[in-house]
Amino acid sequence: MTRSIISSLFLLTLFFSGSALAVNCQRAVTPLENTICNNDNLHWLDSTLSVVYHQALQHEGVEGSNKKYDEWEKLLEKCTSDACIERAYYAGISALSDTNRDFKWDGKWWNMLAPNMSGGVIQFSRNAQWSTTLDIRAWAGLNKDEYTAEARRLYGMLVVDRVSDTSNCKLLLIPKHDGLLQVYSNSEWGCRLSMPTGVFLDGAYKLAETDPRPKPTLLSLGIFPSAEMDDKFRQLVGEDYQNFVNSANVYIYQDDIDNMGARVLSMWVQGAANSRTAIVMYTPNGNIWAGRISPAKGGGLELHYFSTDGSDQRKMPRTLVAWKLRFLDN
């Protein structure tokens, strides 16, 4: 345990004091730094390389990672044009990522890091020696879209200079020796501005015919802290349990205005935040209150209420009453 803490502190020190930090554009002083900071694409690549470097520190160790970084830095410092700097960044990212140049791209690739009720799938077609076509489907709750993109092969990676039907969305796809496909997007400079709310393409993708992610539970999502509490909630809500899971696309802590020392989580579905939402409130001693709002069959919205204290809504905690009144008038 102590050794693990020391190791973590050591890596943390490297993160904040090492040379491989993204360029601080608030303090850019050299022509190279100013060129990077005044070009959104180079700024994104600089940030991506910093992330890749610190991942390499953890997986490959300090000595090997620093050697690769130092070699890349010498290459970068020779550059005096945007094109040279861009190519140097791609070379450095590929080297630090230990790119698998024998990667098999065929099949469906699923984003393993997408949140519950969100996801992404990438398929490749028209594979050529220097390029390939990407078919992309991504969603967040009810928000979804499909994209195509042409990618060029560079240093064993795929580089997308622009995703079709977006303003300035760029992608970098890095094949890994562990069989995963790591995808980075310039979300802060392009992709996030062009995609539906909550939809993103960044992540670690795994090859599979169907979604390989484990079926989520309120325990695995972190809404309940223990299997005992999760089981108790399952018994309380019965078949409605899955509906609560399906409501947990986005979930945040909310204040316990009853001041009973309870933990409160509010959750909703992207694209339907006003009609598919839920709340869970529980105390350390096992008291639970929960509500779920969904479209009613006859139109409008309906409330489903559950409590270890009974189903009488007149006893509903003020925290849930305030939440309910945001969606229902009565």
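The coordinates are above.
In this report, we go over the structure that sits alongside the text. Residue numbers run consecutively from 1 along every chain, following the written order of its sequence. Two thresholds apply to this predicted model, a pLDDT of at least 70 for residue-level local features and 80 or more for giving and counting side-chain atom pairs, whereas whole-chain, interface and lining totals are computed over all residues. Water and hydrogen atoms play no part in the side-chain values, which are based on all heavy atoms of the structure.

## What about the pairing of strand β13 (residues 301-307)?
Phase 1 of the analysis: Of the strand pairs in this sheet, strand β12 (residues 288-295) and β13 are connected by seven bridges, and their pairing is antiparallel. If you follow Ser294 over to β13, its bridge partner there is Glu302.
Phase 2 of the analysis: Counting the residues that bridge the hairpin from β12 to β13 gives five residues, and of these Gly299 lies at a positive phi of roughly 105°. Criterion used throughout: strands pair if DSSP finds at least two bridges between them. Only DSSP runs of H or I with at least four residues qualify as helices, and only runs of E with at least two residues qualify as strands; both kinds are numbered from the N terminus onward.

## Quick word on the side chain of Ser97
Phase 1 of the analysis: Note that Ser97 resides in the loop between α5 (82-96) and β1 (108-111).
Phase 2 of the analysis: Residue contacts follow a heavy-atom distance rule, with two residues in contact if any of their heavy atoms lie within 4.5 Å. Non-local contacts of Ser97, meaning those with residues more than four positions away in its chain, are made with Val52, Ile174 and Lys176.

## Brief notes about the packing of helix α4 (residues 62-77) against α5
Phase 1 of the analysis: At their nearest, the axes of α4 and α5 sit 9 Å apart, and the two run at 170° to each other. Relative to α5, α4 is oriented roughly antiparallel. Contacts between α4 and α5 involve Ser65, Lys68, Tyr69, Trp72, Leu75 and Leu76 from the former and Ile85, Ala88, Tyr89, Ala91, Gly92, Ala95 and Leu96 from the latter.
Phase 2 of the analysis: Taken together, the residues of the contact of α4 with α5 break down into 10 nonpolar, two polar and one charged. Fitted lines through C-alpha atoms serve as axes, helices being fitted only where they are in contact, and the angles separating the N-to-C directions of these axes extend from 0 to 180 degrees. By definition in this entry, angles of less than 35 degrees are roughly parallel, angles greater than 145 are roughly antiparallel, angles of 65 to 115 are roughly perpendicular, and the rest are oblique. Nonpolar residues are Ala, Val, Leu, Ile, Met, Phe, Trp, Tyr, Cys and Pro. Charged residues are Asp, Glu, Lys and Arg, and all others, Gly as well, are polar.

## Considerations on the sheet that holds strand β9 (residues 250-254)
Within a sheet, each strand pairs with its neighbour through backbone hydrogen bonds, oriented either parallel or antiparallel.
Phase 1 of the analysis: Strand order in the open sheet made by the five strands is β9-β10-β11-β12-β13, with antiparallel pairing throughout. Both outer strands of the open sheet, β9 and β13, are each paired with one neighbouring strand and no more. When the angles between neighbouring strand axes are averaged without regard to direction, this sheet yields 15°.
Phase 2 of the analysis: Bridge count for strand β11 (residues 277-282) against β12 is six bridges, and the pairing is antiparallel. Residue pairing across strands places Thr277 opposite Ile293, the latter belonging to β12.
Phase 3 of the analysis: Sitting on the sheet, helix α7 (residues 227-237) is in contact with β11, β12 and β13, with an inclination near 55° to β12.
Phase 4 of the analysis: Relative to β11, helix α9 (residues 318-325) is tilted by about 175°, and along the sheet it contacts β9, β10 (263-268), β11, β12 and β13.

## Structural notes on the sheet that holds strand β3 (residues 131-140)
Phase 1 of the analysis: On the basis of which strands lie adjacent, the closed barrel formed by eight strands has the order β1-β2-β3-β4-β5-β6-β7-β8 and antiparallel pairing. Adjacent strand axes in the sheet meet at a mean angle of 30°, parallel and antiparallel pairs treated alike.
Phase 2 of the analysis: Pairing geometry for β3 and strand β4 (residues 143-154), over 10 bridges, is antiparallel. Looking across to β4, one finds that Ala140 is bridged to Asn143.
Phase 3 of the analysis: Of the strands in this sheet, β6 (171-175) and β7 (181-185) touch helix α3 (residues 40-60), which is tilted by about 145° from β7.

## Details of a negative patch on the surface
Phase 1 of the analysis: On the surface, a cluster of negative charge is contributed by Asp135, Asp145, Glu146 and Asp165.
Phase 2 of the analysis: In this structure, Asp135 sits in strand β3. Patches in this entry comprise residues that are over 30% relatively accessible and not in a salt bridge; like charges within 9 Å are linked, as are nonpolar side chains (Val, Leu, Ile, Met, Phe, Trp, Tyr) within 5 Å. Surface accessibility in these figures is a Shrake-Rupley result with a 1.4 Å probe; residues are shielded only by whichever protein chains are displayed. Salt bridges are counted wherever a side-chain nitrogen of Lys or Arg sits within 4 Å of a carboxyl oxygen of Asp or Glu. In summary, the charge assignment counts Lys and Arg as positive and Asp and Glu as negative, without counting His or the chain termini. Working definition for charges: the position is that of NZ of Lys, CZ of Arg, CG of Asp or CD of Glu.

## Describing the state of the cysteines
Phase 1 of the analysis: Whenever a pair of cysteine sulfur atoms sits within 2.5 Å, that pair is classed as a disulfide. For the coordinates displayed, the defined rule picks out three disulfides.
Phase 2 of the analysis: Each sulfur in the disulfide pair Cys25 and Cys37 lies 2.0 Å from the other. With the S-S dihedral at roughly -90°, the linkage between Cys25 and Cys37 falls on the left-handed side. Of this pair, Cys25 sits in the loop between α1 (2-17) and α2 (31-37) while Cys37 sits in helix α2; the two residues are 12 residues apart in sequence, bridging distant segments of the chain.
Phase 3 of the analysis: In the chain, numbering the disulfide-bonded cysteines from first to last in sequence yields the connectivity 1-2, 3-4, 5-6.

## Section: the nonpolar core
Phase 1 of the analysis: The biggest cluster of nonpolar side chains holds 26 residues, and the ones touching the most others in it are Leu49, Trp72, Ile85, Tyr89, Tyr90, Ile93 and Leu172.
Phase 2 of the analysis: Among the secondary structure elements, those contributing two or more residues to this core are α2, α3, α4, α5, β5 (157-163) and β6.
Phase 3 of the analysis: If one sorts the elements of this core by residue count, α3 sits on top with seven residues.
Phase 4 of the analysis: Setting aside its immediate chain neighbours within four residues, Trp72 contacts Leu49, Ala88, Tyr89 and Gly92.
Phase 5 of the analysis: Put simply, a nonpolar core is a bunch of buried Ala, Val, Leu, Ile, Met, Phe, Trp, Tyr and Cys residues held in one set by side-chain atoms that sit within 4.5 Å of each other. Using a 1.4 Å probe on the protein chains alone, a residue whose accessible area is under 20% of its type maximum counts as buried, one over 50% counts as exposed, and one in between counts as partly exposed. Trp109, Leu158, Cys169 and Leu201 belong to the second largest nonpolar core, which has 25 residues in total.

## Regarding the pattern of salt bridges
Any two side chains of opposite charge can pair, given that their charged atoms come close.
Phase 1 of the analysis: Counted under the stated rule, the structure contains 11 salt bridges.
Phase 2 of the analysis: Where Arg213 meets Asp211, a salt bridge forms, and the shortest distance between an N and an O atom there is 2.8 Å.
Phase 3 of the analysis: Residue Arg213 is classed as partly exposed on the basis of its relative accessible area, which comes to 21%.
Phase 4 of the analysis: Beyond isolated ion pairs, a larger network of salt bridges with shared partners links Glu86, Arg152 and Asp161.

Taken by themselves, the reported measurements are silent on function.
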